[in-house]
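One-letter residues, chain by chain:
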Amino acid sequence: MTVAILEAVNIVKRYGKFTAVNGVTLRVMAHTVHSVIGPNGAGKTTLFHALTGVVPINEGSITVDGVEVSHLPGHKRVLKGLTRSFQVTSLFPNLSVHENLRLAAQGRNPAQALHLWRSAESLTAAGEKVDVLLERLNLSAMASRAAGELPHGQQRRLEVGMAMAGQPKVILLDEPTSGMGIEDISAMKRLIHDLREEYAVVLIEHNMDIVMDISDTVTVMQLGQVLVEGKPGEVSNDERVRHAYLGSVTTEDNA
Ligand SMILES: Nc1ncnc2c1ncn2[C@@H]1O[C@H](COP(=O)(O)OP(=O)(O)OP(=O)(O)O)[C@@H](O)[C@H]1O
Ligand SMILES: [Mg+2]
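Once that is clear, we can look at the pairing of strand β1 (residues 4–15). Strand direction decides the pairing type here: β1 and strand β2 (residues 18–29), joined by nine bridges, are antiparallel. When the bridges of β2 are listed, Lys-13 appears paired with Val-21. Counting the residues in the hairpin turn of β1 and β2 gives two residues, including Gly-16, whose phi is positive at 60°.

If you want it as structure tokens, here you go:
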């Protein structure tokens, strides 16, 4: 039997009287890219906030690799293997790209991160890990540059790299290509595609070319609920999905 690495069952999130997420169930399998799409305001980001502990849920349960995390604060969920891409604001702009990744890698083990003195051996191991990451992010040439000096597209790749550095089981990415030019978009697309070798990826993305090309599973949300779920081809041919998007064509175009 295939077991989900991230399982969220019947998630309900209310803001006052408004129900932003209304009974969503999401089963994300290991080594897959699982996209969550839907018109603006469907509840996608709220679902991510609920999964990662940014907001408390009103109902439901969330497990990561079989471990219940529903009531853990966000930083403890990270230790259970659930991480989201860091926001640009959480990069240390004055530190080098290499230093940012090294700190993110150490964050996996807080005890270690607090130790000022560490063995030469573990420092070397961390350094090698960062070098591999830099290579995968195609940022080796920028390793000694201050993170704050990188162009937007490279900063966003670095954010994904910060998430990878923590060696999570599941990485959640909310619109990782927003505001990017064509070249950066295709680099990000390749990076996300390759992430599935080691992690499960949950991806919120408005760019349908990316979603259709790299997803194993697509969940379509509308009005806080799951409208349709399936393989990319099934979802794109579904009449209900076309209909859900028709009403939001203008907003999508403006996004
Ligand atoms: N803190 C909040 N308080 C009250 N309502 C909120 C809050 N955050 C989000 N909402 C509402 O919840 C609904 C879902 O918002 P959410 O941001 O999750 O949508 P989304 O699917 O991510 O949309 P988009 O594609 O535009 O990013 C919207 O109607 C939004 O106005
Ligand atoms: Mg959103």
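With four of five residues buried, strand β7 (residues 170–174) lies mostly within the body of the structure. Direction of pairing for β7 relative to strand β8 (residues 200–204): parallel, over a ladder of five bridges. Among the inter-strand pairings, Leu-172 is bridged to a residue of β8, identified as Val-202. Tracing the backbone out of β7, into helix α7 (residues 182–195) and back to the parallel element β8 gives a crossover that is right-handed.

This part covers the sheet that holds strand β4 (residues 59–64). Read across the sheet, four strands follow the order β2-β1-β4-β5 without closing on themselves; strand pairing throughout is antiparallel. Single-partner strands in this sheet number two, and they are β2 and β5 (67–68). Where β4 and β5 come together, two bridges link them in antiparallel fashion. In the sheet register, Thr-63 faces β5, and the bridge partner there is Glu-68.

Rules used throughout
Residues numbered from 1 in each chain as written. Chains lettered and ligands numbered in written order. Predicted model: local features only at pLDDT ≥ 70, side-chain atom pairs only at ≥ 80, totals over all residues. Pairing = 2+ DSSP bridges. Helix = DSSP H or I, 4+ residues; strand = E, 2+ residues; numbered from the N terminus. Buried ≥ 20, exposed ≤ 12 C-beta atoms within 10 Å, placed from the backbone. Right-handed = clockwise from strand over helix to strand, strands pointing away.

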